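The chain contents come next:
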Amino acid sequence: MKKLSKLAIHGGQPVRKTFLPYGKQWVSDDDVEAVVETLTSDFLTTGPKIDQFEEELAKYVGAKYGVAFANGTAALHAACFAAGVGEGDEVITTPMTFAATANSILYQRATPVFSDTNPDTWNMDLQKVRSLITDQTKAILPVDYMGNPCNYQELLKIAQDHDLTIIEDAAHALGATDHGRKVGSISDLTMFSFHPVKQITTGEGGIVTTNRQDYYEKLIQFRTHGMTRDSSKLLENHGPWYYEMQFLGFNYRMTDLQAALGISQLKKLDSFIQRRKQIAKKYHEAFQLLSPIQTSNLPNGCDSSWHLYVIRLKLEELTTDRKTIFTALQHENIGVNVHYIPVYYQPYYQHLGYKKGICPNVEQLYEEIITLPLFPAMSNEDVENVITAIQKVIEHYAK
Ligand SMILES: *Cc1c(COP(=O)(O)O)cnc(C)c1O
């Protein structure tokens, strides 16, 4: 079965001529029209498109409120602020994520506490989360890794038992459900990102959804320097021009141009997810036949939004390491990636005093994972190319 054809890394023909990225937006004529229409309207920054986008997205996920931000990281920072996370607080999160997750805790001068992941789902291990709770714990910040929601039934119970807030990083999980509930309606505060590789895009952009009015009001004010014009909140009132800056906020606003793109993209979200699901299914079926590859398990009762397709190499069945396989796939013109380098491996976190070894499951996973291309605009031929390249490379290095 070995050596279907010579690997590109050894000078053979690559499986495809052009490079296939791991993720990519899908922008079409209707999106372009929507943005151009707004560009020539009266509002470029916060205008009617922001309100409409917030309303429509909140409605889609089944939340009362949505507050749009300049990017997902800003949105997550705002969510930490709204939850009252501050100096001296601990927030339990996962290291199997993009640095922005833990950074948003640091922005509020609080301490990220890293929980290990469950070896089956690769999401936070809730047993471990329980063991990390102290008197300083203020919130739990789970990540719905790859688009698979954490076990929120259990997580909500933990939060309730210890009076903690759940701030959900759902940057991967727009459109996903957990036990029939849409992500965005479950946690106290939920963040989504609209970076081009995510389910829908606004260029840069993010949103926080919540059911609580007090959180909503804080998010709105945080987004605009901590300022308000709401007469019911003002300490003084000098006249119709008057506004007050009541705490230190930021300029974290999304533009109306971005919101117009978001509204147009949202119409296509369900079809985008359907296509992602189809591709994931094809991968799944093909890789069941390749013993050195383990595909991820979907947690019970979940419907994934399939942001990432991650395979895990069973290194004991291979003659080489992840780095060689990764490089060989790149040579075949397949845009592979690794999600993620454990956050606390980063020099900045090492400098803060986090030691390697604190989350053994995450560290092992990191040595064995490769992310494959997955985005709705992939053609069937693109999908076949990925499968062929995986077969070619894995069979070459299989023991
Ligand atoms: C994309 C992403 C973010 C940050 O979103 P931006 O919009 O790029 O700021 C945060 N957390 C996770 C897990 C992400 O994948």
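As a reminder, the structure under discussion sits directly above these lines.
Caption draft 1: Expanded view of the packing of helix H3 (residues 72–82) against helix H7 (residues 213–223). Contact pair H3 / H7: the axes reach a minimum separation of 9 Å and the direction vectors enclose 130 degrees. One way to sum up the angle between H3 and H7 is to call them oblique. The two elements H3 and H7 cross, and the hand of that crossing is right-handed. Contact residues: His77, Ala78, Ala79, Phe81 and Ala82 in H3; Tyr215, Lys218, Leu219 and Phe222 in H7. Broken down by class, the residue content of the contact of H3 with H7 amounts to seven nonpolar, one polar and one charged.

Caption draft 2: Structural detail: the environment of Gly47. Tracing the sequence through the fold places Gly47 in the loop between helix H1 (29–39) and helix H2 (48–61). Overall, the relative accessible area of 8% leaves Gly47 in the buried class. Between the C-alpha atom of Gly47 and that of Thr327, which follows or precedes it by 280 residues, the distance is 47 Å.

Caption draft 3: Representation of a nonpolar patch on the surface. Residues Val27, Val32 and Val36 make up a contiguous nonpolar surface patch of roughly 230 Å² in combined accessible area. With respect to the secondary-structure elements, Val36 resides in helix H1.

Caption draft 4: Looking closely at the pattern of salt bridges. In the structure shown here, the tally under the stated rule is 13 salt bridges. Between Asp161 and Arg130 there is a salt bridge, with the nearest N and O atoms lying 3.6 Å from each other. With Asp161 in helix H6 (residues 152–162) and Arg130 in helix H5 (residues 126–132), the pair connects residues that are 31 residues apart, well separated along the chain. Judged by relative accessible area, which is 52%, Asp161 ranks as exposed. With a shortest N-O distance of 3.5 Å, Glu285 and Lys281 are connected by a salt bridge.

Caption draft 5: Summary view of the pairing of strand E2 (residues 90–93). Judged by which residues are buried, E2 turns out to be covered on both faces: Glu90 and Ile92 on one side and Val91 and Thr93 on the other are all buried. Two elements, E2 and strand E3 (residues 111–114), share four bridges in a ladder whose sense is parallel. Bridge pairing in E3 places Val91 opposite Pro112. Across four bridges, the pairing between E2 and strand E4 (residues 137–141) is parallel. What sits directly across from Val91, in E4, is Ala139.

Caption draft 6: Main features of the nonpolar core. Counting 53 residues, the largest nonpolar core has Tyr283, Phe287, Leu372 and Ile390 as the members making the most contacts within it. Elements supplying a minimum of two residues to this core: helix H9 (269–287), strand E14 (309–313), helix H10 (322–331), helix H12 (360–368), strand E15 (369–372) and helix H13 (380–397). Two domains share this core, each providing at least three of its residues, namely domain 1 (8–19 + 269–397) and domain 2 (29–266). Beyond its immediate stretch of four places on either side in the chain, Phe287 contacts Ile293, Thr295, Tyr309, Ile311, Leu372, Ile387 and Ile390. If you look at the next biggest cluster of nonpolar residues, it comprises 26 residues, including Cys80, Phe81, Ala110 and Ala139.

Caption draft 7: Up close: the site of the ligand. Around the ligand sit 15 residues, and of these Gly72, Thr73, Asp169, Ser193 and Lys198 come closest. Within the side chain of Asp169, a nitrogen or oxygen atom sits 2.8 Å from a nitrogen atom of the ligand. For the ligand, an oxygen atom lies 3.4 Å from a polar atom in the side chain of Tyr340. For the shell around the ligand, the secondary structure elements donating two or more residues are H3, helix H4 (99–107) and strand E8 (189–193). When grouped by side-chain class, the residues that make up the shell around the ligand number five nonpolar, eight polar and two charged.

Caption draft 8: Structural view of the pairing of strand E1 (residues 65–69). Extensive coverage of E1 is indicated by the burial of five of its five residues. Alternating residues of E1 divide into Tyr65, Val67 and Phe69 and Gly66 and Ala68, and every residue in both groups is buried. Relative to strand E9 (residues 206–210), E1 is paired through five bridges, and the arrangement is antiparallel. Along E9, the bridge assignment pairs Tyr65 with Thr210.

Caption draft 9: Highlighting the packing of H10 against H13. At their nearest, the axes of H10 and H13 sit 10 Å apart, and the two run at 140 degrees to each other. Looking at the two axes, H10 sits oblique to H13. The two elements H10 and H13 meet at a crossing, and its hand is right-handed. Between H10, through Thr324, Ile325, Ala328 and Leu329, and H13, the contact on the second element is made entirely by Ala389, Ile390, Val393, Ile394 and Tyr397. Classifying every residue of the contact of H10 with H13 by side-chain character gives eight nonpolar, one polar and no charged.

Scoring rules and cut-offs
Sequence order sets the numbering: in each chain, residues are counted from 1 along the sequence as written. At least 70 in pLDDT is required for a residue's local features to be given in this predicted model, at least 80 for side-chain atom pairs to be given and counted, and no such filter applies to totals for whole chains, interfaces and linings, which use all residues. To obtain the side-chain values, all non-hydrogen atoms of the structure were included, while hydrogens and water were left out. Axis geometry follows a simple rule: fit a line to the C-alpha atoms, using only the stretch in contact for helices, then measure angles between N-to-C directions, giving values from 0 to 180 degrees. Comment: elements are numbered from the N terminus, with helices defined as DSSP H or I runs of at least four residues and strands as E runs of at least two. Roughly parallel means an angle under 35 degrees; roughly antiparallel, over 145; roughly perpendicular, 65 to 115; everything else is oblique. By convention, the crossing between two helices is left-handed when the near helix turns anticlockwise from the far helix through less than a right angle, and right-handed when the turn is clockwise. The contact criterion used throughout is that any non-hydrogen atoms of two residues lie within 4.5 Å. For this classification, Asp, Glu, Lys and Arg are treated as charged, while Ala, Val, Leu, Ile, Met, Phe, Trp, Tyr, Cys and Pro are nonpolar and the rest, including Gly, are polar. Relative accessibility thresholds used throughout: buried, under 20% of the residue-type maximum; exposed, over 50%; partly exposed, between the two (1.4 Å probe, protein chains only). Candidate patch residues must exceed 30% relative accessible area and have no salt bridge, after which like charges are joined if within 9 Å and Val, Leu, Ile, Met, Phe, Trp or Tyr side chains if within 5 Å. Under the convention used here, a 1.4 Å probe and the Shrake-Rupley method define accessible areas, while residue burial counts only the protein chains that appear. What makes a salt bridge here is a side-chain nitrogen of Lys or Arg within 4 Å of a carboxyl oxygen of Asp or Glu, nothing more. Only strands that DSSP links by at least two bridges are regarded as paired with each other. Working definition of a nonpolar core: buried Ala, Val, Leu, Ile, Met, Phe, Trp, Tyr and Cys residues. They are joined through side-chain atoms within 4.5 Å. Domain limits in this description derive from either an automatic procedure or a database domain assignment. Put simply, a residue is near a molecule or strand once any heavy atom of it comes within 4 Å of that molecule or strand. Polar contact is defined as a pair of N or O atoms within 3.5 Å, subject to the rule that within protein one atom must be able to donate a hydrogen and the other to accept it, and that residues adjacent in sequence are counted only when both atoms are side-chain atoms.

Read these as geometric descriptors, not functional statements.
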